[in-house]
Amino acid sequence: RVKTKWAATFPSFPATSLALQNFDMSYGEQLGALWPSARISMLCEQKYGALLNNFSETTGQVSDLQMKGAQDFVLCGISTPGSVPRSDRAEADQAEDVLKFSPGIQCFVFPKSDTSRFRPARPDSSGVLGYYLLDAASILPVLALDVQEGHSVLDLCAAPGGKTLALLQTHAIKKLTVNDLSDSRLKRLRRMLQDYIPREIWSENRVDITSCDGRTWGEMGRSTFDRVLVDVPCTTDRHSVLEEENNIFKRSRTKERQRLPLLQTQLLVAGMEAARPGGVVVYSTCTLSQLQNECVVEQALRVAQEELDIGVQVEDVGPLSHIFSTTFCFAPDRRLGALVVPHLTANFGPTYFCKLQRVH
Ligand code: SAM
């Protein structure tokens, strides 16, 4: 009885406030001078990118986006002095070889400090939508995956599918396996793909959609894929400071939140198992948390080596971050991977990504 009374009078803090308190304690220390600006940016309206859908009639779309002042950040990065000087798409494709990133992806953004918004995408004459709006930083893990012609690719935690759509833009994948544990989120992904991808692509059987616990993938399809994207569930920092609904900082979800690093490690280890020797795995999140980013990568490398005899090395994504630093604000001096930190002039992210290569 006493317990009930205590529970009834216990102040119930909004989950968004609990998230902010938690971040102030951990990110203040972790990011130092970058945190106050990242904090205010996450509380402000985020910036979007328009991922061009090259399955639609793109000519009109591109000139429309350019007329409004948006630019393809991938092409701009490649054309930046000090990277590889390039001026058109054909040359950009050559640069993709030099810098080793996935080809064919075009994502339009408004310049730094320009807070214009994109209009919702319009369908072309066959009803296919011209672009997909998403956090432009979420394209970086897909670029880092370095998908090449004929590759088989696993997107382990795929829904609602922004990165899946970006993967398909490469037109290079022989077989794409799209997996997610959640049936309802997979339904959303299917609907989205129907709006963006013509039927022939489905009928060619190049996209396989599965609904498994990604942690068990290593046992099911060991050493199979050329490329594996492991875009794990995380504290989704921006959502957690803004929305009460589905907020992982609710007291009732404390245990689930505390178990996230373990789940993330298990998913990454499964991704490493699913990759063939020589294959590439990219781990990504939308949190600033070191515990869910670098610490997970370190722990997964240990588990893979010690428990599964799988050797994995960390690849340098420095050159990739360097060429895109005119669009995104990157945290300095990352030992493992790269971190996009939200900033008022470039309010993208958080996005963390780390590129790994399976050695044996
Ligand atoms: N890659 C997606 C995109 O770009 O739209 C976002 C993925 S979201 C960050 C993480 C996803 O992991 C959620 O859709 C969730 O349902 C899924 N998930 C959670 N636990 C999982 C598990 N054990 N196996 C596979 N997927 C899981």
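Our subject is the structure listed above.
Rules and cut-offs
- Residues numbered from 1 in each chain as written.
- Predicted model: local features only at pLDDT ≥ 70, side-chain atom pairs only at ≥ 80, totals over all residues.
- Heavy atoms only, no water.
- Patch = residues over 30% accessible without salt bridge, like charges linked within 9 Å, V, L, I, M, F, W, Y side chains within 5 Å.
- Areas by Shrake-Rupley, 256 points an atom, 1.4 Å probe, with all protein chains shown as cover.
- Salt bridge = Lys/Arg side-chain N within 4 Å of Asp/Glu carboxyl O.
- Lys, Arg positive; Asp, Glu negative; His and termini not counted.
- Charge placed at Lys NZ, Arg CZ, Asp CG, Glu CD.
- Helix = DSSP H or I, 4+ residues; strand = E, 2+ residues; numbered from the N terminus.
- Buried < 20%, exposed > 50% of the residue type's maximum accessible area, 1.4 Å probe, protein only.
- Near = heavy atom within 4 Å.
- Polar contact = N/O pair within 3.5 Å; in protein donor to acceptor, adjacent residues only side chain to side chain.
- Pairing = 2+ DSSP bridges.
- Contact = heavy atoms within 4.5 Å.
- Axes fitted to C-alpha atoms, helices over the stretch in contact; angles between N-to-C directions.
- Phe/Tyr/Trp six-rings, centres within 6.5 Å; stacked < 30°, edge-to-face > 60°.
- Parallel < 35°, antiparallel > 145°, perpendicular 65-115°, else oblique.
- Left-handed = near helix turned anticlockwise from the far one by under 90°.
- Nonpolar A, V, L, I, M, F, W, Y, C, P; charged D, E, K, R; others polar.
- Core = buried A, V, L, I, M, F, W, Y, C linked by side-chain atoms within 4.5 Å.

A. Main features of a positive patch on the surface. Taken together, the side chains of Arg185, Lys187, Arg188, Arg190 and Arg191 make up a positively charged region of the molecular surface. In this structure, Arg191 sits in helix α9 (residues 183–196).

B. Broad picture of the pattern of salt bridges. For the structure shown, the criterion picks out 12 salt bridges. Taking the shortest distance from any N to any O, the salt bridge between Asp24 and Arg39 comes out at 2.8 Å. Remark: Arg39 occurs in helix α3 (residues 34–43) and Asp24 occurs in helix α2 (residues 15–31); sequence separation between them is 15 residues. The partly exposed category is assigned to Arg39, whose relative accessible area is 27%. The closest approach of N and O atoms between Glu256 and Arg253, which form a salt bridge, is 2.7 Å.

C. A look at the site of the ligand. In the region of the ligand, 20 residues are neighbours, and Asp180, Arg185, Asp213, Gly214 and Asp231 sit closest. At 3.4 Å from an oxygen atom of the ligand is found a main-chain nitrogen or oxygen belonging to Pro160. Measuring from an oxygen atom of the ligand, one finds a backbone N or O atom of Gly162 at 3.1 Å. For the ligand, whose unbound accessible area comes to 600 Å², protein coverage reaches 87%.

D. Main features of the sheet that holds strand β4 (residues 131–134). Ordered in space as β2-β3-β1-β4, the 4 strands form an open sheet in which the pairing is antiparallel. Two strands bound the open sheet, and with one partner strand each, they are β2 (71–72) and β4. Sheet analysis places strand β1 (residues 49–52) next to β4, joined by 4 bridges and oriented antiparallel. Bridging from a neighbouring strand, Leu51 pairs with Tyr132 of β4. Seen against the sheet, helix α4 (residues 58–67) touches β1, β3 (107–109) and β4 and runs at an angle of roughly 160° to β1.

E. Here's a closer look at the packing of aromatic side chains. By the definition in use, this model includes 13 aromatic pairs. Relative to Phe249, the ring of Phe23 lies with its centre 5.4 Å away and its plane at 85°, an arrangement referred to as edge-to-face. Linking Phe23 in helix α2 with Phe249 in the loop between α12 (237–242) and α13 (254–258), this pair joins segments that are 226 residues apart in sequence. Geometrically, the ring pair formed by Phe328 and Phe330 is edge-to-face, given 6.3 Å between the ring centres and 75° between the ring planes. Judged by relative accessible area, Phe330 falls into the buried class, the value being 16%. Within the aromatic cluster, the residues linked to one another by ring pairs are Phe73, Phe101, Phe324, Phe328, Phe330 and Phe348.

F. Local environment of the packing of helix α14 (residues 260–274) against helix α15 (residues 294–308). Relative orientation of the contacting elements α14 and α15 amounts to 55°, with a least axis distance of 9 Å. Classed by the angle they form, the pair α14 and α15 counts as oblique. Of the two possible hands of crossing, α14 and α15 adopt the one that is right-handed. Contact residues: Pro261, Gln264, Thr265, Leu268, Val269, Met272 and Glu273 in α14; Val296, Val297, Gln299, Ala300, Leu301, Val303, Ala304 and Leu308 in α15. Residues that form the contact of α14 with α15 fall into these classes: 11 nonpolar, 3 polar and 1 charged.

G. Looking closely at the nonpolar core. Counting 55 residues, the largest nonpolar core has Phe73, Leu140, Phe324 and Phe328 as the members making the most contacts within it. Looking at this core, the element that brings in the most residues is α9, giving 5 residues. Ignoring sequence-local partners within four residues, the contact set of Phe324 consists of Phe73, Val74, Gly77, Leu140, Leu143 and Phe330.

Just geometry here; none of it tells us what the structure is for.
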